[in-house]
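Each chain is listed here by its residues.
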Amino acid sequence: MRNQKKNIAGGNWMGGWIVFSLFAFVFPSCAQKEKNIAHQEVSLTHQEQHRPQYHFTPQAMWMNDPNGMVYYQGEYHLFYQHYPDSTVWGPMHWGHAISKDLVHWEYYPIALYPDSLGYIFSGSAVVDWDNTSGFGSADAPPLVAIFTHRHLGNKKRGFESQSLAYSIDKGRSWVKYEGNPVLVDENSLGFRDPKVFWHEETKKWVMVISAEDQVKLFSSENLIDWTLESEFGRNLGAHGGVWECPDLFELVVEGSDETKWVMLVSIGSGGPNGGSATQYFVGDFDGTSFIPVESGINWLDYGKDNYAGVTWYNHPDNLRVYVGWMSNWQYANVVPTHPWRSAMTIPRQLRLQYSNNQYKLVSAPIAELKNLRGDSRKIPSQIIATGHDVLVEDQGLSQAEYIFEFDGQANQGALTADSLVIEWSNRLGEKLELGYSIVNNQFYINRARAGAVGFSDEFPVVQHAPLNNRGDLKVHVFMDWSSIEVFVNDGALAMTSLVFPNEPFDRLRIFTVQGEVEMKGAEIWGLKAIWSNEVRD
Ligand code: FRU
């Protein structure tokens, strides 16, 4: 044994927690509110039980997919599927928020309301630099949103069509194009979620859009008239559910001059741990067709709660920054939160790597999140073994970032245990387990005994994820009251999971099953909350 058991009793490194908990218990009435309450009537304290403190959540009521993500003149826009009259899915609007750093958000008024053509489903937004659409001027390019209008009548072919709206005041107000819809597909029952980008080589706009069980690719010179170029994926990838929310973008393969194109495709059900999930394909794109270079199924995230994510258009540093909706259609409508439902994932930078004859899309937290870090505590290097756990007690553990590093060099006797477990718990005995089965080379998240789970049979299932390599382990975790996001080895593996403890976690225990693990060290930061609660005009 190189080190004795370390028991690090809790210092007050997140004193703000006490203030939070008081608020959380002073306003229990939020939980009793019925649906269909008007937006203004609900408590908007951002201190309700389970409310994330540094993730984007709607101020109140229902949210699903991120939409229209575009950067323009120093501002990141985030629109989102929103029903402002209820905490369950309903007539879809585009809610709107703006950030200068992708971390702190300000709410703006609803950008798009349903109209005679239907609900406003998911879509994207671009800066039309050359005013190809004619909605702005050469000096003042318009922002153009391309979204799905979903007819209110019976489901029939053509009931989902694509429409446009534009803004000439930096996204503050939006005008729907009078010629809507601009694209109808009478052959598809589902035809939605257009993601549009400018393709410099062919000097055209390209749209990827889901059409039932495949993606269709269209092109346009003006965002108004669209031509079908190709179809992708009917016999490729995972098809356990309807295809939704595609994205297509080019990335440099790290450490080379090569670039490849990545297609993201979300599927409503049939994910690796059940329900909704997002897969990706790596390939080549010439402006007309996307040709994958590999077959097989690749998951962007193995947790149950990262869906319908896409990337920002026009990122100022040309990075691919992604945000997903942190829920799963299996239980999204019944998770125990009031007066809002759902959060987005933290923003993640996507990168492409190539090793062992395989391309891999990795996703890791964006650098800007470091600005939220408050006080930290370090846990020194030590051997973890039966009877030699690491214990941390602190009231700030539910709003924190963690980096744990483990030695994976077998010749030094490290990682000899059957498994390694990082466990968060509270006074009620509720426990969340993040485990690594060394024997199976698999990570898992077990939230079955971590608080409220009874609202859906699909919620407590243990989530598993394979790790492709063996060796040193870096486990990066973001915890925010009702979610855990795990990034192993700089994003080689991502797992995102909701969790609803009835009280915050205040105890962390790291232990092994059958054998030893050498922890090289760990650091824990309390993270600051991001909210200022105003709605801007
Ligand atoms: C994905 C999705 C999209 C659709 C939207 C409706 O979660 O089903 O395909 O546009 O949600 O809210």
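Up top is the structure.
The structure presented is a predicted model; accordingly, all values stated were derived computationally and were not measured.

A.B. asks: Quick question: what am I supposed to make of the site of the ligand here?
C.D. replies: Taken together, Asn-64, Asp-65, Gln-81, Trp-89, Met-92, Phe-121, Ser-122, Arg-192, Asp-193, Glu-244, Tyr-307 and Trp-329 make up the full set of residues near the ligand. Contact distances for the ligand include 2.9 Å between an oxygen atom and a side-chain N or O atom of Glu-244. Here an oxygen atom of the ligand sits 2.9 Å away from a polar atom, N or O, in the side chain of Trp-329. Taking 320 Å² as the accessible area of the ligand by itself, protein coverage stands at 96%. Sorting the residues of the shell around the ligand by element identifies β2 (61-72), β6 (119-127) and β11 (192-199) as the ones contributing at least two each.

A.B. asks: It is not clear to me how the packing of aromatic side chains should be interpreted in this structure. Could you clarify?
C.D. replies: The geometry of an aromatic ring pair is captured by the separation of the ring centres together with the interplanar angle, meaning the angle of the planes. As enumerated under the stated definition, the model contains 40 aromatic pairs in all. When the centroid spacing of 6.4 Å and the interplanar angle of 50 degrees are considered together, the rings of Phe-232 and Trp-243 count as tilted. In this pair, Phe-232 sits in strand β14 (residues 227-232) while Trp-243 sits in strand β15 (residues 243-252), placing the two residues eleven residues apart along the sequence. In this pair, the class of Phe-232 matches that of Trp-243, namely buried. Within the aromatic cluster, the residues linked to one another by ring pairs are Phe-56, Tyr-71, Tyr-76, Tyr-80, Trp-105, Tyr-107, Trp-312 and Trp-531.

A.B. asks: Honestly, the side chain of Asn-131 in this entry has me stumped. Any pointers?
C.D. replies: Summarising the element assignment, Asn-131 is placed in the loop between β6 and β7 (143-150). Classification of Asn-131 as buried rests on a relative accessible area of 16%. For Asn-131, the side chain forms a polar contact with the main-chain nitrogen of Phe-135, separated by 3.2 Å. A polar atom in the side chain of Asn-131 sits 2.9 Å from the backbone nitrogen of Gly-136.

A.B. asks: Just checking my understanding: could you explain the layout of surface pockets for this structure?
C.D. replies: Gaps left between atoms show up when a probe the size of a water molecule is rolled over them. Considered as a void within the structure, the largest pocket measures approximately 640 Å³ in volume. Forming the walls of the largest pocket are 28 residues, and the residues nearest its centre are Phe-249, Glu-250, Asn-318, Leu-319 and Arg-320. Within the residue set of the lining of the largest pocket, elements represented by two or more residues are β11, β15, β16 (259-267) and β22 (348-355). Among the elements that make up the lining of the largest pocket, the one with the highest residue count is β15 (six residues).

A.B. asks: Explain the pairing of strand β36 (residues 517-527) to me, please; I cannot follow it from the model alone.
C.D. replies: Regular strands place side chains that alternate from one sheet face to the opposite one. With ten of eleven residues buried, β36 is to be regarded as a mostly interior element. Judged from the five bridges that link them, strand β24 (residues 373-379) and β36 form a sheet pairing that is antiparallel. Following the sheet pairing, Ser-376 is matched in β36 by Trp-525. Pairing geometry for strand β25 (residues 382-384) and β36, over three bridges, is antiparallel. Each bridged residue has a counterpart across the sheet, and for Ile-383 the counterpart in β36 is Glu-518. By the bridge criterion, eight bridges tie strand β27 (residues 399-407) to β36 in an arrangement that is antiparallel. Opposite Tyr-402, over in β36, you have Ile-524 as the bridge partner.

A.B. asks: When you look at the side chain of Arg-341 in this model, what are you seeing that I'm missing?
C.D. replies: When you line up the elements, Arg-341 lands in strand β21 (residues 340-341). Every residue in contact with Arg-341, bar those within four places of it in the chain, is listed here: Pro-58, Met-61, Trp-62, Met-63, Thr-87, Val-88, Ala-332, Asn-333, Val-334 and Val-335.

A.B. asks: Whenever I open this one, the sheet that holds strand β20 (residues 321-325) confuses me. Can you help?
C.D. replies: Sheets are built from strands paired through backbone hydrogen bonds, the pairs being either parallel or antiparallel. Strand order in the open sheet made by the four strands is β19-β20-β22-β23, with antiparallel pairing throughout. The sheet is open, and its two edges are formed by β19 (307-311) and β23 (358-365), each paired on a single side. Taking the axes of each pair of neighbouring strands and ignoring which way they run, one obtains an average angle of 40 degrees across the sheet.

Rules used throughout
- Residues numbered from 1 in each chain as written.
- Predicted model: local features only at pLDDT ≥ 70, side-chain atom pairs only at ≥ 80, totals over all residues.
- Heavy atoms only, no water.
- Near = heavy atom within 4 Å.
- Polar contact = N/O pair within 3.5 Å; in protein donor to acceptor, adjacent residues only side chain to side chain.
- Areas by Shrake-Rupley, 256 points an atom, 1.4 Å probe, with all protein chains shown as cover.
- Helix = DSSP H or I, 4+ residues; strand = E, 2+ residues; numbered from the N terminus.
- Phe/Tyr/Trp six-rings, centres within 6.5 Å; stacked < 30°, edge-to-face > 60°.
- Buried < 20%, exposed > 50% of the residue type's maximum accessible area, 1.4 Å probe, protein only.
- 1 Å grid on protein atoms, 1.4 Å probe; cavity = no way out; pocket = protein on both sides within 12 Å on 5 of 7 lines; lining within 4 Å.
- Points joined across faces, edges and corners; volume = space filled by probe spheres on them.
- Pairing = 2+ DSSP bridges.
- Contact = heavy atoms within 4.5 Å.
- Axes fitted to C-alpha atoms, helices over the stretch in contact; angles between N-to-C directions.

Coordinates in, geometry out; function isn't part of it.
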